[in-house]
Amino acid sequence: MSLEFSHIAHAYGATPALNDVSFTAPLGEITCLLGASGCGKSTLLGLAAGLLSIQSGRIALGGETLAEPGLNPPPEKRPVGLVFQDGALFPHMSIAKNIAFGLPKARRMDDAGEIETWLARVGLGGLGDRYPHELSGGQQQRAALARAMAPEPAILLMDEPFASVDIVLRRALRRECRILLRERQTTTVLVTHDPDEALDIADRIAVMEAGRIVQFGTPQELYNAPLAPSVGAIFGGAQIVRATFKDGAYESVFGRWAADCVLGDPPEENTALDILVQARALRLDRDREGLAVRDVHPLGARARVLLRHPSGAELTAEVPQSAGDHIRPGALYRVKPDPASVRAFAVRDV
Ligand code: ADP
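Residue numbers here run from 1 along each chain, matching the order of that chain's written sequence. Local features in this predicted model are restricted to residues whose pLDDT is 70 or higher, and side-chain atom pairs enter the listing and the counts only when it is 80 or higher, whereas totals over whole chains, interfaces and linings include all residues. Excluding hydrogens and water, the side-chain figures rest on all heavy atoms present in the structure.

J.: Looking at this structure, how should I read the overall build of the protein chain?
T.: Helix and strand content of the protein chain: ten helices and 20 strands. With the C-alpha coordinates aligned to their principal axes, the bounding extent of the protein chain is approximately 75 × 45 × 35 Å. Classification of residues uses two cut-offs on accessible area relative to the type maximum, computed with a 1.4 Å probe and protein chains only: under 20% is buried, over 50% is exposed, and between them is partly exposed. The burial tally for the protein chain puts 46% of its 350 residues in the buried class. Between two residues, a contact is recorded if the distance between any of their heavy atoms is within 4.5 Å. Long-range pairs, those at least 24 residues apart, make up 63% of the contacts in the protein chain between residues at least 6 apart in sequence. The method behind every accessible area is Shrake-Rupley, applied with a 1.4 Å probe, and residues are considered shielded solely by the protein chains displayed. In the form shown here, the protein chain has an accessible surface area of approximately 16,400 Å², with 51% of it arising from carbon and sulfur atoms. Positive charges come from Lys and Arg, negative ones from Asp and Glu, while His and the chain ends are left out of the count. Every charge is mapped onto a representative atom, which is NZ of Lys, CZ of Arg, CG of Asp or CD of Glu. The averaged location of the 42 negative side-chain charges in the protein chain is 3 Å from the averaged location of its 37 positive side-chain charges. A run of H or I in DSSP becomes a helix once it reaches four residues, and a run of E becomes a strand once it reaches two; helices and strands are each numbered from the N terminus.

J.: Would you mind going over the site of the ligand with me for this structure?
T.: In the vicinity of the ligand, the contacting residues are Tyr-12, Ala-17, Ala-36, Ser-37, Gly-38, Cys-39, Gly-40, Lys-41, Ser-42 and Thr-43. The separation between an oxygen atom of the ligand and a polar main-chain atom of Cys-39 is 3.1 Å. Contacts described as polar in this section are N or O atom pairs within 3.5 Å, which, within protein, must combine one atom able to donate a hydrogen with one able to accept it, while residues neighboring in sequence count only if both atoms come from side chains. Within the side chain of Thr-43, a nitrogen or oxygen atom sits 2.5 Å from an oxygen atom of the ligand. Its free accessible area being 550 Å², the ligand has 58% of it covered by the protein chains. When at least one non-hydrogen atom of a residue lies within 4 Å of a molecule or strand, that residue is treated as near it.

J.: What should I look at first to understand the pattern of salt bridges in this one?
T.: Pairs may arise between side chains of opposite charge once their charged atoms sit close together. Every case where a carboxyl oxygen of Asp or Glu lies within 4 Å of a side-chain nitrogen of Lys or Arg is listed as a salt bridge. Tallied over the entire structure, the rule returns 16 salt bridges. Glu-29 serves as the salt-bridge partner of Arg-204, at 2.6 Å between the closest nitrogen and oxygen. Of this pair, Arg-204 sits in strand E9 (residues 204–209) while Glu-29 sits in the loop between strand E2 (15–25) and strand E3 (30–34); the two residues are 175 residues apart in sequence, bridging distant segments of the chain. Using a relative accessible area of 17% as the deciding quantity, one classes Glu-29 as buried. Taking the shortest distance from any N to any O, the salt bridge between Glu-152 and Arg-184 comes out at 3.1 Å. Of this pair, Glu-152 sits in the loop between helix H5 (137–149) and strand E7 (155–159) while Arg-184 sits in the loop between helix H6 (167–183) and strand E8 (187–192); the two residues are 32 residues apart in sequence, bridging distant segments of the chain. On the basis of relative accessible area, Arg-184 is assigned to the partly exposed category, the value being 24%. When salt bridges that share partners are traced, they join Arg-174, Arg-175, Glu-197 and Asp-200 into one network.

J.: In this structure, what is going on with the nonpolar core? I would like to understand it.
T.: Note that soluble globular proteins tend to have their nonpolar side chains buried in a common cluster. Within the largest apolar cluster, 44 residues are counted, with the highest numbers of intra-cluster contacts made by Leu-145, Met-149 and Ile-205. Setting aside residues no more than four positions away along its own chain, Met-149 makes contact with Trp-118, Leu-156, Cys-177, Leu-180 and Leu-181. In this text, buried Ala, Val, Leu, Ile, Met, Phe, Trp, Tyr and Cys residues form a nonpolar core when linked through side-chain atoms within 4.5 Å.

J.: What am I meant to see in the sheet that holds strand E4 (residues 56–61) here?
T.: Note: strands within a sheet are paired through backbone hydrogen bonds, in either parallel or antiparallel orientation. Pairing in this open sheet of four strands is antiparallel, and the strands run E2-E1-E4-E5 from one edge to the other. Both outer strands of the open sheet, E2 and strand E5 (64–67), are each paired with one neighbouring strand and no more. Going across the sheet, the axis of each strand differs from the next one's by a mean of 30°, ignoring polarity. With seven bridges connecting them, strand E1 (residues 3–12) and E2 associate as antiparallel partners. Pairing of Tyr-12 across the sheet is with Thr-15, part of E2. Only the stretch in contact is used when a helix axis is fitted, and all axes are lines through C-alpha atoms; the angle between N-to-C directions ranges over 0 to 180 degrees. Docked against the sheet, helix H1 (residues 41–49) engages E1, E2, E4 and E5, running at close to 115° with respect to E1. At least two DSSP bridges between two strands are required for those strands to pair.

J.: Just checking my understanding: could you explain the state of the cysteines for this structure?
T.: Among covalent bonds in proteins, the disulfide is the one between the sulfur atoms of two cysteines. Any pair of cysteine sulfurs within 2.5 Å is marked as a disulfide. Following the criterion strictly, the structure yields zero disulfides and no others. Cys-32 supplies the cysteine sulfur nearest to Cys-39, a cysteine that is in no disulfide, at a spacing of 12 Å. Cys-39 gets classed as buried once you look at its relative accessible area, which sits at 4%. Its sulfur unpaired, Cys-177 is 12 Å from the next cysteine sulfur, which belongs to Cys-32. The class for Cys-177 is buried, based on a relative accessible area of 1%.

J.: Mind showing me how you'd approach the packing of aromatic side chains here?
T.: We describe a pair of aromatic rings using the distance from one ring centre to the other and the angle between the two ring planes. Each Phe, Tyr or Trp ring (for Trp, its six-membered ring) is paired with any other whose centre lies within 6.5 Å, and the angle between the two planes then decides the class: stacked below 30 degrees, edge-to-face above 60, tilted in between. All chains considered together, the criterion is met by five aromatic pairs. Measuring from ring centre to ring centre gives 5.4 Å for Phe-23 and Phe-216, while their planes differ by 45°; the resulting arrangement is tilted. Here Phe-216 lies in strand E10 (residues 212–217) and Phe-23 lies in strand E2, a separation of 193 residues in the sequence. For Phe-23, a relative accessible area of 5% gives the class buried. Put simply, the rings of Phe-5, Phe-23 and Phe-216 pair up and form one aromatic cluster. Lying across the ring of Phe-90, Arg-147 places its NZ or CZ 4.9 Å from the centre. In our convention, an over-ring charge means Lys NZ or Arg CZ found within 6 Å of a ring centre and within 35 degrees of that ring's normal.

J.: I'm lost on helix H4 (residues 112–121) in this one. Help?
T.: Three- or four-residue spacings in an α-helix give side chains the same orientation, since the helix completes a turn every 3.6 residues. Turning to H4, its buried residues number three or more, namely Glu-114, Ile-115, Trp-118 and Leu-119. For H4, the angular spread of the buried residues around the axis is 145°, confining them to a single face. In the stretch just after H4, Gly-123 is the one whose phi turns positive, near 80°. Within this analysis, the arc is defined by the directions that extend from the helix axis to the C-beta atoms.

J.: Got a minute to help me understand the domain arrangement of the protein chain in this structure?
T.: A common way to state how big an interface is: give the accessible area lost once the parts meet. Entries for the protein chain in the domain assignment read domain 1 (3–234) and domain 2 (238–346). Domain borders in the structure are assigned automatically or taken from a domain database. Spacing between the C-alpha centres of domain 1 and domain 2 amounts to 38 Å. Between domain 1 and domain 2, the contact holds nine residues from the first and seven residues from the second. Summed over both sides, the interface between domain 1 and domain 2 buries roughly 620 Å², with carbon and sulfur atoms accounting for 69% of that surface. Put simply, domain 1 and domain 2 have zero salt bridges between them. Note on definitions: buried area is the accessible-area loss of two parts on being combined, 1.4 Å probe, summed for both.

See the structure below:
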């Protein structure tokens, strides 16, 4: 079943939290809500889960209304599984019993093997007899993931589910979860503030800002055609440069960039713009009037070069390592984007 949000608005007293949010989390896919703290991600999830009463708009499951003003089934009456940042296991039950709890009664009794399989999937094989307080925070969180996934809910709602898992295990667990959820065709909505996490696990990403969805799409769509600088900035190496369009070129403290370096129609003269540029789209040429190299750092196949304007403004470029080998701190370089790799956005207030 797909999970559909239509024209959702929500406020806590006088504080608005969501403003006309509409999107559909497609059947069997993982949709990430991505945005800075306070942008409304958890509120949206809480409305779908039934933890908050819906004030305006409609949430539907496969076309059938799940919640709307006046219709607010409690969480246990919704066919959804929930995972929160802090796991929230039952403290008086062993880990195995916690996992068994959500299973239909028939499966609870005779499926010790299935529970052990779930424990193994989340890296807790053999620990089923332990109680939550006998596990680390990250282990408890993995148990909570197993408990939510084992009943194979049609919809799984996850709020920062990997945040308390240590960084080494996090990536592996994320990928394991992704495979399990895709295999079972579970429609998943996952909240995160971490762009790397969204890119690592999501089929689709809703980029949120101040209670609104700025853009909804696949990672590829967001990368190829960002509708706002904040969308482009979720990809590593993206930078936003404030510029003015003057005399047919984009002027910033980093120099003049010809109009054909930037995608789209040139704007009117003297327009203020935010230019979104990826570090690897920048070329460096020696120039006595240029920016000073502050640091060169090898990344493997490429080198990261940090450049600084006398005003203190900084720009990062990524160049092939072979070129980076010849760049020295203190040397002066002109920076120019590769043609048609950079985007300009009208400056707007959020
Ligand atoms: P996120 O999950 O993206 O961090 P939230 O959905 O938690 O964002 O919060 C959205 C906005 O609503 C924020 O401005 C937050 O301060 C406010 N908010 C969230 N929960 C409450 C609450 N229980 N009472 C009052 N304001 C809240």
